[in-house]
Amino acid sequence: GPPLLIPLYFTVQIMKTMITRRHWVDLAWSLSYYFRFFYTYIPFFGVFGAIALMNAVRFLESHWFVWVTQMNHIPMEIDHEKHRNWLESQLAATCNIEQSFFNDWFSGHLNFQIEHHLFPTMPRHNFCKIAPLVRSLCKKYNVNYEEKTLYGAMRDIVGSLRKSGDLWLDAYLHK
């Protein structure tokens, strides 16, 4: 079940939404993707092979997407309201992953999650341009601007999962 969440359920849900909201142009582009994909891969792998390839790619993509989007959020303090202003709340709930060519490519520039939270409509490739300004603003007002290595962020996710698992196990065993 869960490995089919993105490849099957979300695809059906998105198609259904486009039909019910009558987004015909979006639906046409989406259907053209599937047409082009199967037109390209059926001659090499057959119908079932092409479907298997699509599901394998989507399965890997869904895992990559979760790691990339959550490495900036899960380990952060988002417990409850502590009477912070908006800027402090955004910076407490997220962190950045240090900039490098690989990190920018791997995360699609979402390694600048702080800037993404502060300026959600800004094109992602511009986040690196405003990051120094945000850092200086945080320094001026003594707000913590957290930046981690990619390895440190991944390690923090595993640590957060371990902590959550230990809490669940303790609650389960000591009902």
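Residues numbered from 1 in each chain as written. Predicted model: local features only at pLDDT ≥ 70, side-chain atom pairs only at ≥ 80, totals over all residues. Heavy atoms only, no water.

Participant: Explain the overall build of the protein to me, please; I cannot follow it from the model alone.
Facilitator: A count of helices and strands for the protein gives seven helices and two strands. The helix and strand sequence of the protein, counted from the amino end, reads α-α-α-β-α-α-α-β-α. Here the C-alpha atoms of the protein give a radius of gyration of 21 Å, more than 25% beyond the 16 Å that 2.2 N^0.38 yields for 175 residues. Dimensions of the protein, computed from C-alpha atoms along their principal axes, come out at roughly 60 × 50 × 35 Å. Put simply, of all contacts in the protein between residues at least 6 apart along the chain, 47% involve residues at least 24 apart. (Helix = DSSP H or I, 4+ residues; strand = E, 2+ residues; numbered from the N terminus. Rg over C-alpha atoms; globule rule 2.2 N^0.38 Å. Contact = heavy atoms within 4.5 Å.)

Participant: Looking at this structure, I do not really get helix 2 (residues 24-70). What am I missing?
Facilitator: Residue pairs spaced three or four apart in an α-helix point in one direction, given the helix's 3.6 residues per turn. With 47 residues, helix 2 extends only 32 Å from end C-alpha to end C-alpha; this falls clearly short of the ideal 69 Å at 1.5 Å per step. The principal kink in helix 2, of about 115°, is found at Phe45. Of the residues making up helix 2, those classed as buried are Leu27, Tyr34, Phe37, Ala50, Met54, Arg58, Ser62, Val68 and Thr69. (Expected span 1.5 Å × (residues − 1). Bend = angle between axes of the 7 residues up to and from the residue. Buried < 20%, exposed > 50% of the residue type's maximum accessible area, 1.4 Å probe, protein only.)

Participant: Just checking my understanding: could you explain the state of the cysteines for this structure?
Facilitator: Disulfides are covalent bonds that connect the sulfur atoms of two cysteines. All chains considered together, the criterion is met by zero disulfides. Here Cys95 stays free of any disulfide, with the sulfur of Cys138 as its closest cysteine sulfur at 13 Å. Classification of Cys138 by relative accessible area gives buried; the value is 1%. (Disulfide = S-S within 2.5 Å.)

Participant: I would appreciate a short explanation of the confidence of the model for the protein in the present structure.
Facilitator: Close inspection of predicted coordinates is inappropriate in any region flagged by low pLDDT. Averaged over all residues, the pLDDT of the protein equals 88, while 91% of them reach at least 70. When mean pLDDT is compared element by element in the protein, helix 6 (residues 127-140) scores highest at 95, while helix 3 (residues 86-93) scores lowest at 83. (pLDDT = per-residue confidence, 0-100.)

Participant: When you look at the side chain of Thr69 in this model, what are you seeing that I'm missing?
Facilitator: By the element assignment, Thr69 lies in helix 2. Thr69 gets classed as buried once you look at its relative accessible area, which sits at 16%. Polar side-chain contacts of Thr69 include one of 2.8 Å to the backbone oxygen of Phe65. (Polar contact = N/O pair within 3.5 Å; in protein donor to acceptor, adjacent residues only side chain to side chain.)

Participant: What is the right way to look at the pattern of salt bridges in this model?
Facilitator: When charged atoms on two side chains of opposite charge get close, those side chains can pair. Inspection of the entire model under this criterion finds four salt bridges. We note a salt bridge from Glu61 to Arg58, for which the minimum N-O separation is 3.6 Å. Of this pair, Glu61 and Arg58 are both found in helix 2, three residues apart, which corresponds to roughly one turn of the helix. You can call Glu61 partly exposed: its relative accessible area is 38%. For Arg135, the salt bridge is made with Glu147, and the minimal N-O distance between the two is 3.3 Å. Here the residue Arg135 occupies a position in helix 6, and Glu147 occupies one in strand 2 (residues 147-148), the gap between them amounting to 12 residues. (Salt bridge = Lys/Arg side-chain N within 4 Å of Asp/Glu carboxyl O.)

Participant: Help me out: how do you make sense of the nonpolar core in this one?
Facilitator: For soluble globular proteins, the rule of thumb is that nonpolar side chains tend to be buried together. In this structure, Leu87, Leu91, Phe112, Ile114, Leu118, Phe127, Ala131, Val134, Cys138, Val143 and Tyr145 together form the largest nonpolar core, which totals 11 residues. Among the secondary structure elements, those contributing two or more residues to this core are helix 3, helix 5 (113-118) and helix 6. With four residues, the single largest contributor to this core is helix 6. Residues Val68, Ile97, Phe106 and Met154 belong to the second largest nonpolar core, which totals eight residues. (Core = buried A, V, L, I, M, F, W, Y, C linked by side-chain atoms within 4.5 Å.)

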